[in-house]
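Remarks on the overall topology
What follows is each chain in one-letter form.
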Amino acid sequence: MNDAFDAYQLPEEHQELRAAVRALAEKEIAPHAAEVDEESRFPTEALKALTAAGFHAVFLPEKYGGDGADAIAGCIVIEEVARVCGSSSLIPGVNKLGSMPVLLSGSDELCQQVMPSIARGEAMISYALSERESGSDAVAMKTKARLDGDHWVLNGGKAWITNAGISKWYTVFAVTDPDKGANGVSAFVVHADDPGFEVGNKERKLGIKGSPTCEIYFTDCTVPADRIIGEPGTGFKTAMRTFDHTRPTIGAQAVGLAQGALDASVAYVKERKQFGKAIGEFQGVQFMLADMAMKVEAARQMTYVAAAKVERGEPDMTFFASAAKCYASDVAMEVTVDAVQLFGGAGYTRDFPVERMMRDAKITQIYEGTNQIQRMVMARALLRR
Ligand code: CAA
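The rules behind each value
Residues numbered from 1 in each chain as written. Predicted model: local features only at pLDDT ≥ 70, side-chain atom pairs only at ≥ 80, totals over all residues. Heavy atoms only, no water. Helix = DSSP H or I, 4+ residues; strand = E, 2+ residues; numbered from the N terminus. Buried < 20%, exposed > 50% of the residue type's maximum accessible area, 1.4 Å probe, protein only. Contact = heavy atoms within 4.5 Å. Areas by Shrake-Rupley, 256 points an atom, 1.4 Å probe, with all protein chains shown as cover. Lys, Arg positive; Asp, Glu negative; His and termini not counted. Charge placed at Lys NZ, Arg CZ, Asp CG, Glu CD. Disulfide = S-S within 2.5 Å. Pairing = 2+ DSSP bridges. Near = heavy atom within 4 Å. Domains from an automatic or database assignment. Buried area = accessible area lost by both parts, 1.4 Å probe. Salt bridge = Lys/Arg side-chain N within 4 Å of Asp/Glu carboxyl O. Polar contact = N/O pair within 3.5 Å; in protein donor to acceptor, adjacent residues only side chain to side chain. Nonpolar A, V, L, I, M, F, W, Y, C, P; charged D, E, K, R; others polar. Phe/Tyr/Trp six-rings, centres within 6.5 Å; stacked < 30°, edge-to-face > 60°. Lys NZ or Arg CZ within 6 Å of the ring centre and 35° of its normal.

1. Describing the overall build of the protein chain
Helix and strand counts for the protein chain stand at 10 helices and 10 strands. Its C-alpha atoms put the protein chain at 80 × 50 × 40 Å along the principal axes. Taken over 385 residues, the protein chain has a buried fraction of 54%. When contacts within the protein chain are restricted to residue pairs at least 6 apart in sequence, those whose partners lie at least 24 apart make up 75%. Total accessible area on the protein chain is roughly 17200 Å²; 54% of this is exposed by carbon and sulfur atoms. Of the side-chain charges in the protein chain, 41 are positive and 51 negative, and the distance between the mean point of each set is 5 Å.

Following this line, the structure appears as structure tokens:
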């Protein structure tokens, strides 16, 4: 035995981070999770607690006022928050999604304009790629931007924007050259106070009800010329490169939701008695629990490997980012459905958290690219080898 062997083991600092986030999540976020879902209200308690502890955007580089945490640390934060409240995990999650295009392709001046307000917790940032008629086929977007003197003028609308209305900043993708397909898309940072910007009604959703999802509209919306992210025509590649960094965070969210459901199930089967004994003593129930735990652990390991690969910029990171998101979200759905089954009739009620976790898990198979798109991305990577 060699207890100094450190392959396949998170460094101590990651383990300490997990303990810190778990303690905060259980004390400050979990008590409000059911109410946030029931009332479809933004989890202000979670925002306050995460910001006070500096967990709302750990990935931001130190030069912009952040902690410069690595990708695995970012996943751990999201996972631990999702374990108690899926809606709240979108605070660190979407901050990363909205920020990555700027960090990956924006100038230092643009990063200086936008990032410190996020680091200080004064502003959040959302990601605006999808449109009503352009979801999986993201290149088919219709929102347009044209340069007019020292301003870009945007017209169109984006759909399914997570945390819309709460965020102050929006990373927006728009067509600047309609003849060039993917290479005619550019990326911009829009501020909620920019003239011509508007937020639509909240979608009425199955889950993640505490995180508002809305359309956003641009009507001759003018943004200063220096708010373009990178060069014109590079926006689509920036959008895709962003997903390499953020699909593992959806994996982490899915792992957290599944772990929350598993933990609740283990506690419940020890208490619930039928046929004169705790249902956890029945082999059929034990087999279910074992399968759930096995899948959650496999999903967790795959998510961390993907995050590590992305952190190092390895050539196969796109495959791993999609694989982790796809696998972990399928696991989250299976495990949360099984959790509801283990709770029986009680699991079908809002008196227990597992039905919320099941509803919250569903979106992880859909957003940041459906799992069908992930399989397409993975297959393309395999066939390119
Ligand atoms: N890194 C760098 N460049 C990339 C890339 C990557 N990971 N992936 C693609 N590209 C490049 C390609 O190389 C190509 O460039 P060239 O023409 O120079 O070779 C260009 O981008 C276009 O790529 P494709 O030819 O692959 O484009 P496509 O139209 O065939 O397919 C797609 C692209 C993978 C289907 C893409 O549209 C996609 O990922 N769709 C899903 C969209 C999505 O995930 N939406 C989620 C919205 S955000 C959200 O849900 C967040 C939330 O609410 C929380």
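Next comes the rest of the description.
2. Quick look at the state of the cysteines
When the sulfur atoms of two cysteines share a covalent bond, that bond is a disulfide. Scanning all chains against the criterion turns up zero disulfides. Looking at the unpaired Cys75, the closest cysteine sulfur is the one in Cys326, lying at 16 Å. The thiol of Cys85 is unpaired, and the distance to the nearest cysteine sulfur, on Cys214, comes to 17 Å. Residue classification places Cys85 among the buried positions, given a relative accessible area of 3%.

3. Topic: the pairing of strand β5 (residues 185-191)
Residues in a regular strand project their side chains so that they alternate between the two faces of the sheet. With seven of seven residues buried, β5 is to be regarded as a mostly interior element. Neither face of β5 is left uncovered, since the one carrying Val185, Ala187, Val189 and His191 and the one carrying Ser186, Phe188 and Val190 both have all their residues buried. Judged from the seven bridges that link them, strand β4 (residues 169-175) and β5 form a sheet pairing that is antiparallel. Within β5, the residue paired with Tyr170 across the bridge is Val190. Relative to strand β8 (residues 228-229), β5 runs antiparallel, the two sharing two bridges. Counted as the bridge partner of Phe188 is Ile228 from β8.

4. Things to note about the site of the ligand
Within the structure, the ligand sits among 25 residues, and Ser136, Thr162, Lys237, Glu368 and Arg380 are positioned closest to it. Protein contacts shield 71% of the accessible area of the ligand, which totals 1100 Å² for the unbound molecule. Per-domain counts for the shell around the ligand show at least three residues from each of domain 2 (125-233) and domain 3 (237-383).

5. Focus on the pairing of strand β7 (residues 213-224)
Relative to β7, strand β3 (residues 151-162) runs antiparallel, the two sharing nine bridges. Note on β7: the bridge partner recorded for Thr162 is Thr213. Where strand β6 (residues 197-202) and β7 come together, four bridges link them in antiparallel fashion. Bridge pairing in β7 places Glu198 opposite Tyr217.

6. Looking at helix α9 (residues 354-362)
Among the nine residues of α9, seven are classified as buried, and the element is accordingly described as predominantly covered. For α9, the set of buried residues is Val354, Glu355, Arg356, Met357, Arg359, Asp360 and Ala361. Those residues of α9 that are buried are in contact with α1 (12-38), α4 (86-105), α6 (235-271) and α8 (317-343).

7. What about the domain arrangement of the protein chain?
Structurally, the protein chain comprises domain 1 (12-119), domain 2 (125-233) and domain 3 (237-383). Of note, the centres of domain 1 and domain 3, computed from C-alpha atoms alone, are 20 Å apart. Carbon and sulfur atoms supply 60% of the area buried between domain 1 and domain 3, which totals about 2300 Å² over both sides. Sorting the residues of domain 1 by area buried against domain 3 places Glu79, Arg83 and Leu104 first, and these three jointly supply 23% of that buried surface. There are four salt bridges connecting domain 1 and domain 3. Along the contact surface separating domain 1 from domain 3 lie 11 residue pairs in polar contact (both at pLDDT 80 or more). Put simply, the parts of the chain that give the side of domain 1 that touches domain 3 at least two residues each are α1, α3 (71-82) and α4. The element best represented in the side of domain 1 that touches domain 3 is α4, accounting for 10 residues. Along the lines of polarity and charge, the residues of the side of domain 1 that touches domain 3 split into 15 nonpolar, four polar and seven charged.

8. What to know about the side chain of Ser89
Within the secondary structure, Ser89 is located in helix α4. Dropping the residues within four chain positions of it, Ser89 is found in contact with Ile78, Val81, Ala82 and Gln253.

9. Considering the packing of aromatic side chains
Applying the stated criterion across every chain yields a total of 10 aromatic pairs. Centre to centre, the rings of Phe275 and Phe282 are 6.1 Å apart; their planes meet at 85 degrees, and the pair counts as edge-to-face. For Phe275, a relative accessible area of 77% corresponds to the exposed category. One aromatic cluster is present, formed by Tyr127, Phe173 and Phe243 through successive ring pairs. The ring centre of Trp160 lies 4.7 Å from the NZ or CZ of Arg132, which sits over that ring. Its end group placed over the ring of Phe319, Arg385 keeps NZ or CZ at 5.9 Å from the ring centre.

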